[in-house]
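Structural features, examined
Single-letter residue listing:
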Amino acid sequence: MKLFASLAALLTIATPALAGVPVTVKADIVDADGVVTLGEIFAGAGAAGATPVASRAQASVMLNAQAVRIAAARAGLDWANAEGLRTIVVRGGAPAASGAVAARGNVDVLTWARSIQAGEMIQPADLVWGKAAAAPADAPNDPEAVIGLAARRPLRAGAAVAGRDVSAPQVVQANEVVTLTYDNGGVSLALQAKALSGGAVGETINVQNVTSKKTVQAVVTGPGQAAVGPQAEQLKLNRSTRYALR
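This text gives an overview of the structure that appears in the document. (Residues numbered from 1 in each chain as written. Predicted model: local features only at pLDDT ≥ 70, side-chain atom pairs only at ≥ 80, totals over all residues. Heavy atoms only, no water.)

1. What to know about the overall build of the protein chain
Each helix and strand in the protein chain was counted, giving 5 helices and 21 strands. Per-residue burial over the protein chain gives 36% buried out of 246 residues. Counting only contacts in the protein chain whose residues sit at least 6 apart along the sequence, the fraction spanning at least 24 positions is 53%. About 12900 Å² of surface is accessible on the protein chain, with carbon and sulfur atoms providing 55% of the total. (Helix = DSSP H or I, 4+ residues; strand = E, 2+ residues; numbered from the N terminus. Buried < 20%, exposed > 50% of the residue type's maximum accessible area, 1.4 Å probe, protein only. Contact = heavy atoms within 4.5 Å. Areas by Shrake-Rupley, 256 points an atom, 1.4 Å probe, with all protein chains shown as cover.)

Quick look at the structure:
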């Protein structure tokens, strides 16, 4: 995303105290010419709708909701952000006809803007809001929930985004030699081991001691790193707690 310099500067300026014209975010935010304006984002923007706020160089662009709110306020518009949005996604193309939208469904869902290969990292431009008859049970409500994660399998452009589509990116690859550590009560040990499978931070994988050939379970702690012992158990607990809170 590339915001205009004027918008970036507004991030450090407090929102004016005077109330402006109330506006609401459109359900389908579309930009046709690469210059995103307030009128494309908000319904009821009036003359202020011509105010540019960002440029779009890809299939979609993701805008910081607070930055947009400040830009709107400077143009005399009042967006309360009752939805609690943190990110606003603007897709390229022409606005869909109301009949076409109704035929596709009336549920707002995140969809894949392009086809994605397994293992690819999800980028902001890969997501766009669309309409569907129903949302997946584990559909994310916020694009930030999947940005930075990796595709678990090939994903088709236009399909609704589901939480099961993605996972934390693997930082250890199968057959990679990793540093295996043990740290407990001031006792620290480290040795070289071969990862028998890939894994993300916090995942448990099998590793083989390159000297003794003994295989043990270890928890991935970072790129080329894994641990056993109390440190590993704490990492597993932290990971299970994090997923339980989603």
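Still more ground to cover, so stick around.
2. Some details on the nonpolar core
Grouped together as the largest cluster of nonpolar side chains are 21 residues, with contacts concentrated most on Val36, Ile41, Phe42, Val53, Leu63 and Ile88. Elements represented by at least two residues in this core include exactly α2 (38-41), β7 (52-55), β8 (60-64), α3 (65-74) and β10 (87-92). Ranked by residues supplied to this core, first place goes to α3 with 4 residues. Counting residues in hydrophobic clusters, the runner-up holds 12 residues, among them Leu110, Ile116, Leu127 and Val146. (Core = buried A, V, L, I, M, F, W, Y, C linked by side-chain atoms within 4.5 Å.)

3. Some thoughts on the packing of aromatic side chains
The geometry of an aromatic ring pair comes down to the distance between the two centres and the angle between the two planes. According to the stated counting rule, one finds 1 aromatic pair in the structure shown. Here Phe42 and Trp79 contribute two aromatic rings whose centre-to-centre distance is 5.4 Å and whose plane-to-plane angle is 55°, an arrangement assigned as tilted. Here Phe42, found in strand β6 (residues 42-43), pairs with Trp79, found in the loop between β9 (77-78) and β10; they are 37 residues apart in sequence, far enough to count as distant. Taken individually, Phe42 and Trp79 each receive the classification buried, so the pair is uniform in this respect. (Phe/Tyr/Trp six-rings, centres within 6.5 Å; stacked < 30°, edge-to-face > 60°.)

4. With respect to the environment of Glu144
Its place among the elements puts Glu144 in the loop between β12 (127-132) and β13 (150-151). Spatially, the C-alpha atoms of Glu144 and Thr87 are 7.8 Å apart, while their sequence positions differ by 57 residues. Residues within four places of Glu144 in sequence aside, it is in contact with Arg86 and Thr87.

5. A closer look at the pairing of strand β20 (residues 215-222)
Here 5 bridges tie strand β19 (residues 204-209) to β20, and the two strands are oriented antiparallel to one another. Across the sheet, the residue bridging to Ile205 is Ala218, located in β20. Hairpin geometry of β20 and strand β21 (residues 225-228) is characterised by an intervening segment of 2 residues between the two adjacent antiparallel strands and by a positive phi of about 70° at Gly224. (Pairing = 2+ DSSP bridges.)

6. Remarks on the pattern of salt bridges
Using the criterion set out here, one finds 5 salt bridges in the structure. Between Asp138 and Arg164 there is a salt bridge whose closest N-O contact spans 2.8 Å. Of the two residues, Asp138 sits in the loop between β12 and β13 while Arg164 sits in the loop between β13 and β14 (166-167), which places them 26 residues apart along the sequence. You can call Asp138 partly exposed: its relative accessible area is 29%. With a relative accessible area of 46%, Arg164 lands in the partly exposed category. For Arg153, the salt bridge is made with Asp165, and the minimal N-O distance between the two is 2.7 Å. You can see Arg153 sitting in the loop between β13 and β14 and its partner Asp165 sitting in the loop between β13 and β14, a full 12 residues away along the chain. (Salt bridge = Lys/Arg side-chain N within 4 Å of Asp/Glu carboxyl O.)

7. A few points about the environment of Ala227
With respect to the helices and strands, Ala227 occurs in strand β21. For Ala227 and Leu180, which are 47 residues apart along the polypeptide, the C-alpha to C-alpha distance reads 5.3 Å. Contact partners of Ala227, with chain neighbours within four places excluded, come to Leu180, Thr181, Ala218, Val219, Thr221 and Ala232.

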